[in-house]
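Analysis of the macromolecular model
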Amino acid sequence: MTQQLAGSVLAGERAAIAQAITLVESSRADHREQAQALLAELLPHTGSAIRIGVSGVPGVGKSTFIDQLGVNLIAAGHRVAVLAVDPSSARTGGSILGDKTRMVRLAADEHAFVRPSPASGTFGGVAKATRETMLVMEAAGYDVVLVETVGVGQSEYVVADMVDTFVFLTLARTGDQLQGMKRGILELADVIAVNKADEQHEDESARAARELSGALRFLRGPETQWQTPVITCSGLHNVNLDRVWKHVQRHRDWLEQRSGGLAAKRAGQLVHWTRAMVRDRLLARLDAPAVREAVAAAEAAVLAGELTPDQAATRILATLDPSPTELAP
């Protein structure tokens, strides 16, 4: 079954691609085993796509930007996959926003594949299986993979650690555009685009871009490092999206020209992926009934003053491992 599904994915069959993504997103133990067997079949056919993360505050126009950029890329001969991570419904656990309704042109194009996935409480607002889904899309022949995040909390940090180029969208019309933009976000971004720079907002967007460029000059390292460009654009009116793409390509070329730059970056991402999977599996074990009972009892003991937090943590961890080894400080 796994080999047959892998063959269908490699042939670009959309139903098989959707089935494969559903498989890698599943948390069932038997599905996880099948998913890993499938990925082993697909892995030799991955790695050639341009992986791009797109993030920004809610309301910045990420979906409109991606829809238009994707249409432009398809017109240029690319095949585009969009992995859009939606907020999750607290009641059903499903996607709330439904990016297929907000990327109508891409969703209807045979050269594109839009996959909305619920974040489902995953740390950073990035779906748990996004990395594996990315590999499925690459094996299916999509040469540009765009990962859109919900744009809140730690999502920017998480997505930047799984893509080649991280594009951060911002707006000029949010008061002081530098206020609230953490230094870490500016350091993470490989390309910054001031979106909705259209009609009466062109001047203030250009001014915001200049201010961001000035701020970046204080953060940039030696000239040998990548110098993050700041561009004004409008996803709604298709203004300067060609410039954004040009800088994405420049960044990709810069990575490839460095000694092992792209390969080293992706190898490091695999290590981070491994660590993330260890954390996820440990957290999953905390949800076992026996562990939940131990957690509740330990927390009650802390509240009653019977245990210190350190003693309570030790008691909870002992439930996970009856013979825990002493951890180094």
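Residues numbered from 1 in each chain as written. Predicted model: local features only at pLDDT ≥ 70, side-chain atom pairs only at ≥ 80, totals over all residues. Heavy atoms only, no water.

The name given to the chain in an unreviewed UniProt entry is Methylmalonyl Co-A mutase-associated GTPase MeaB, with the source organism recorded as Jatrophihabitans cynanchi.

**Comments concerning the pattern of salt bridges**
Two side chains of opposite charge can pair, provided their charged atoms sit close to one another. What counts, and what does not: By definition, a salt bridge exists where a carboxyl oxygen of Asp or Glu is found within 4 Å of a side-chain nitrogen of Lys or Arg. Strands here are runs of E lasting at least two residues and helices are runs of H or I lasting at least four, both read from the DSSP assignment and numbered beginning at the N terminus. For every residue, the accessible area (1.4 Å probe, protein chains only) is compared with the maximum for its type, and the residue is labelled buried under 20%, exposed over 50%, or partly exposed between those bounds.
As enumerated under the stated definition, the model contains nine salt bridges in all. The closest approach of N and O atoms between E25 and R115, which form a salt bridge, is 3.1 Å. Here the residue E25 occupies a position in helix α2 (residues 14-25), and R115 occupies one in strand β3 (residues 112-118), the gap between them amounting to 90 residues. Owing to a relative accessible area of 31%, E25 belongs among the partly exposed residues under this scheme. A relative accessible area of 15% means that R115 is categorised as buried. Between D164 and R266 there is a salt bridge, with its nearest N and O atoms 2.7 Å apart. Separated by 102 residues along the polypeptide, D164 in the loop between α7 (155-160) and β5 (165-170) and R266 in helix α11 (residues 261-285) bring together distant segments of the chain.

**Some thoughts on the side chain of K62**
Convention followed: When charges are counted, Lys and Arg contribute as positive and Asp and Glu as negative, whereas His and the chain ends are disregarded. The term polar contact refers here to a pair of N or O atoms within 3.5 Å; inside protein, the definition further demands a hydrogen-donor-capable atom paired with an acceptor-capable atom, and it admits residues adjacent in sequence only when both atoms are side-chain atoms. Here a residue-residue contact requires only that any non-hydrogen atoms of the pair lie within 4.5 Å.
By the secondary structure assignment, K62 is in helix α4 (residues 62-75). This buried residue, K62, is left without a salt bridge; E148 holds the nearest opposite charge, at 4.8 Å. Reaching out from K62, the side chain makes a polar contact with the backbone oxygen of G56 at a distance of 3.1 Å. Not counting residues within four places of it along the chain, the set of residues in contact with K62 comprises V54, S55, G56, V57, E148, T149, V150 and L169.

**Some details on the packing of aromatic side chains**
Inclusion rule: Note on ring pairs: Phe, Tyr and Trp rings are taken, using the six-membered ring of Trp, and paired if centres are within 6.5 Å. Classes follow the plane angle, with under 30 degrees stacked, over 60 edge-to-face and the rest tilted.
Per the stated rule, a full pass over the model turns up three aromatic pairs. Pairing F166 with F168 gives two aromatic rings, centres 6.4 Å apart and planes at 45 degrees, and the pair type is tilted. Of the two residues examined, F166 and F168, each falls in the buried class. Considering the side-chain rings of W226 and W254, the 5.8 Å spacing of their centres and the 50 degrees angle between planes classify their relative orientation as tilted. Here W226, found in the loop between α9 (202-219) and β7 (230-232), pairs with W254, found in helix α10 (residues 241-257); they are 28 residues apart in sequence, far enough to count as distant.

**Observations regarding the pairing of β5**
A regular strand carries its side chains on alternate faces of the sheet. Just so we agree on the cut-off: Any two strands with at least two DSSP bridges between them are considered paired.
For β5, a buried count of six out of six residues is recorded, marking the element as mostly surrounded by other parts of the structure. Of the two faces of β5, the one holding T165, V167 and L169 and the one holding F166, F168 and T170 are both buried throughout. Bridge analysis of strand β1 (residues 50-56) against β5 gives five bridges, and the strand direction is parallel. In the sheet register, S55 faces β5, and the bridge partner there is F168. Inspection of the sheet shows β5 paired to strand β6 (residues 191-194) by four bridges, in the parallel sense. Across the sheet, T170 pairs through a bridge with V194, a residue of β6.

**Observations regarding unusual backbone geometry**
Residues other than glycine seldom take positive phi values, yet K196 does so here, at roughly 60 degrees. Note on placement: K196 falls in the loop between β6 and α9. By relative accessible area, K196 is classed as partly exposed at 29%.

**Considering the packing of helix α1 (residues 2-10) against helix α3 (residues 29-42)**
The line we're drawing: Interaxial angles span 0 to 180 degrees and are taken between N-to-C directions of axes, which are lines fitted to C-alpha atoms, for helices over the stretch in contact. Oblique is the label for any angle not under 35 degrees, not over 145, and not in the 65 to 115 range, which are roughly parallel, roughly antiparallel and roughly perpendicular in turn. In this scheme the handedness of a crossing depends on how the near helix is turned from the far one: anticlockwise by less than a right angle means left-handed, clockwise means right-handed. Throughout, the ten residues Ala, Val, Leu, Ile, Met, Phe, Trp, Tyr, Cys and Pro are labelled nonpolar, Asp, Glu, Lys and Arg are labelled charged, and all others, Gly among them, are labelled polar.
Between α1 and α3, whose axes approach to 9 Å, the crossing angle comes to 50 degrees. Taken together, the axis directions place α1 and α3 in an arrangement best described as oblique. The chirality of how α1 crosses α3 is right-handed. Between α1 and α3, the residues in contact are T2, Q3, L5, A6, V9 and L10 and Q34, A37, L38, E41 and L42, respectively. Across the contact of α1 with α3, the residue classes break down as seven nonpolar, three polar and one charged.

**Things to note about α10**
As a reminder, the rule being used: Take the residue count of a helix, subtract one, and multiply by 1.5 Å to get its expected span. Think of it as the arc spanned by the lines of direction from the helix axis to the C-beta atoms.
Given a rise of 1.5 Å per residue, 17 residues ought to cover 24 Å, and the 24 Å separating the end C-alpha atoms of α10 matches this to within 8%. Restricting attention to buried positions, one finds in α10 the residues L241, V244, W245, H247, V248, H251, R252 and L255. Viewed end-on, α10 has its buried residues packed into an arc of 160 degrees, placing them on one side of the element. Turned more than 90 degrees away from the buried face of α10 sit D242, K246 and Q257, all of them exposed.

**Description of the nonpolar core**
The test is simple: For this analysis, a nonpolar core means a set of buried residues of the types Ala, Val, Leu, Ile, Met, Phe, Trp, Tyr and Cys, connected via side-chain atoms within 4.5 Å.
Judged by nonpolar contacts, the single largest core of 46 residues is most densely connected at V9, I17, V136, M137 and V145. At six residues, the largest contribution of residues to this core is made by α2. Counting 29 residues, the second-largest nonpolar core is a separate cluster that includes F65, L69, A193 and I231.

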